[in-house]
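Architecture and fold: a report
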Amino acid sequence: MLSRKLILLLLLLAGAFCCKNANAQLSSYIGWTPAKEKAFEKRLKKEAYKVITHYDADKFPYDEMIYRMQSLDSTICYLHLMYIPFSREYSIKCETDSLKINDFRGEARLHFLRKDLFEIVYSPRGGSDDGYENVLLLAVKNGKFRIAMEIQTMHDYDGPGFVGLNETHLTLIGKAPQNYQLTLKNQDMRDDDKKSKSFNHHHSYTLKYDNTLNVFYTSHEMVKGYVYNDDPKKERQLSGVFPVIKLGDDKYCYITDSWYSEGSDFDSKKTILVNYTNRPPR
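Remember, predicted model here, so these are calculated numbers, not experimental data.

Structural notes on the overall build of the protein
Along its length, the protein carries two helices and 19 strands. Of all intrachain contacts in the protein linking residues separated by at least 6 positions in sequence, the fraction that spans at least 24 positions is 43%. Accessible surface, the protein as shown: approximately 15500 Å² in total, 52% of it carbon and sulfur.

What follows is the structure, encoded as structure tokens:
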């Protein structure tokens, strides 16, 4: 049991620092102190309505954070956010709906962009040389979650002789959904020992808001691809014209209440659609 507790402590420290700097390197943990961890936890919980502490089988604490939110139909609802250690799933619930984020590593930011739009910045699982952050913008309408946007906003990586960072910051204007507009400012940089491979690019994107679907988008486009599944035999194909967000070479598609990242399978070259946040069957 002691070994499991030590592992959990290291994961919590690593996850907290990963969320702060989104760097999966062991060297990035240097300088992380209990005082910095406490300050980070305080910032993370700043806007919470209530925090309830639970305990796992080994008596280690974990928090359920509750946020009081106004739904798009002007009623009051309560968001319950919780990560059970070792589960690798982040639970998001309200009284009448639920979501789960798979391969979850930790929260980086929990914040109200508006009283009816909640921002969750989280770290999915990366690799030994890769760190990531995604942003999920969440609303509630008629008792059901509406995922207004879910995209990758940070990729931090390194290797022999190079380091890189692709980072996006968002700014929301408009006081009500009917006039929301989102600006995304992106920096894509690489510092390489071979100077010809180094670069530092800046981009800006403007997203419109669909007040019926309650999603941000750049355009509507034809999408055709296979939803990723560990078992290729269970892959299903989706096709149609859907709201999309295009950020340079990255493309995200909103299909049936979920956001998918569009990519290409290395072997088959077919278009693959991947989503992080799962909904229970309806």
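Regarding the environment of V241
For V241, the location among the structural elements is in strand β15 (residues 236–247). Spatially, the C-alpha atom of V241 lies 6.0 Å from that of V223, the residues being 18 residues apart in sequence.

A short note on the pattern of salt bridges
Within this structure, the stated rule accounts for 10 salt bridges. As a salt-bridge pair, R88 and D103 come within 2.4 Å of each other at their nearest N and O atoms. Within this pair, whereas R88 is found in the loop between β3 (76–83) and β4 (89–94), its partner D103 is found in the loop between β5 (97–102) and β6 (104–114), the two being separated by 15 residues in sequence. Classification of R88 by relative accessible area gives partly exposed; the value is 41%. Of the charged contacts in the structure, one is a salt bridge between E221 and K251, with a shortest N-O distance of 3.1 Å.

Details of the sheet that holds strand β9 (residues 144–159)
Spatially, eight strands are ordered β6-β7-β8-β9-β10-β11-β12-β13 in an open sheet, and the strand pairing comes out antiparallel. The open sheet terminates on both sides in strands that have one partner only, identified here as β6 and β13 (215–217). Strand-to-strand twist in this sheet, taken as the mean axis angle between neighbours without regard to direction, amounts to 25 degrees. Alignment of strand β11 (residues 181–192) against strand β12 (residues 199–210), held across nine bridges, turns out to be antiparallel. Bridge pairing in β12 places N186 opposite H203.

Focus on the side chain of T183
By the secondary structure assignment, T183 is in strand β11. The exposure class of T183 is buried, given its relative accessible area of 19%. Discounting chain neighbours no more than four positions away, the residues touching T183 are H169, L170, T171, S204 and Y205.

A short note on the packing of aromatic side chains
In total, this model carries 12 aromatic pairs according to the counting rule given. Measuring from ring centre to ring centre gives 5.4 Å for Y49 and Y78, while their planes differ by 55 degrees; the resulting arrangement is tilted. Of this pair, Y49 sits in the loop between α2 (34–44) and β1 (50–55) while Y78 sits in strand β3, and the two are 29 residues apart along the sequence. Among the residues examined, Y49 registers a relative accessible area of 48% and is labelled partly exposed. Looking at Y78, the relative accessible area reads 32%, which means it is partly exposed. Look at Y180 and F216: their rings are 6.4 Å apart centre to centre, the planes differ by 20 degrees, and that puts the pair in the stacked class.

Comments concerning the sheet that holds strand β17 (residues 258–264)
Taken in spatial order, the five strands line up as β14-β15-β16-β17-β18 and close into a barrel, and their pairing is mixed. Strand-to-strand, the axes of this sheet are offset by a mean angle of 50 degrees, without reference to chain direction. Looking at chain direction, β15 and strand β16 (residues 250–255) are connected through four bridges and run antiparallel. Within β16, the position partnered with K246 by the bridge is K251.

Details of the nonpolar core
The biggest cluster of nonpolar side chains holds 50 residues, and the ones touching the most others in it are M149 and F216. Among the elements that take part in this core, strand β8 (residues 130–141) stands out by supplying six residues, more than any other. Non-local contacts of M149, meaning those with residues more than four positions away in its chain, are made with V135, L136, L137, L170, L182, L207, F216, I245 and W259. The next biggest cluster of nonpolar side chains, apart from the first, holds nine residues, and it includes V227, L238, V244 and Y260.

Some thoughts on the confidence of the model for the protein
Summary statistics for the protein give a mean pLDDT of 85 and a share of 87% for residues scoring 70 or more. Taken as a whole, residues 1–30 scores under 50 in pLDDT and shows 52 contacts with residues more than four places along the chain or in a different chain.

About the cut-offs
- Residues numbered from 1 in each chain as written.
- Predicted model: local features only at pLDDT ≥ 70, side-chain atom pairs only at ≥ 80, totals over all residues.
- Heavy atoms only, no water.
- Helix = DSSP H or I, 4+ residues; strand = E, 2+ residues; numbered from the N terminus.
- Contact = heavy atoms within 4.5 Å.
- Areas by Shrake-Rupley, 256 points an atom, 1.4 Å probe, with all protein chains shown as cover.
- Salt bridge = Lys/Arg side-chain N within 4 Å of Asp/Glu carboxyl O.
- Buried < 20%, exposed > 50% of the residue type's maximum accessible area, 1.4 Å probe, protein only.
- Pairing = 2+ DSSP bridges.
- Axes fitted to C-alpha atoms, helices over the stretch in contact; angles between N-to-C directions.
- Phe/Tyr/Trp six-rings, centres within 6.5 Å; stacked < 30°, edge-to-face > 60°.
- Core = buried A, V, L, I, M, F, W, Y, C linked by side-chain atoms within 4.5 Å.
- pLDDT = per-residue confidence, 0-100.

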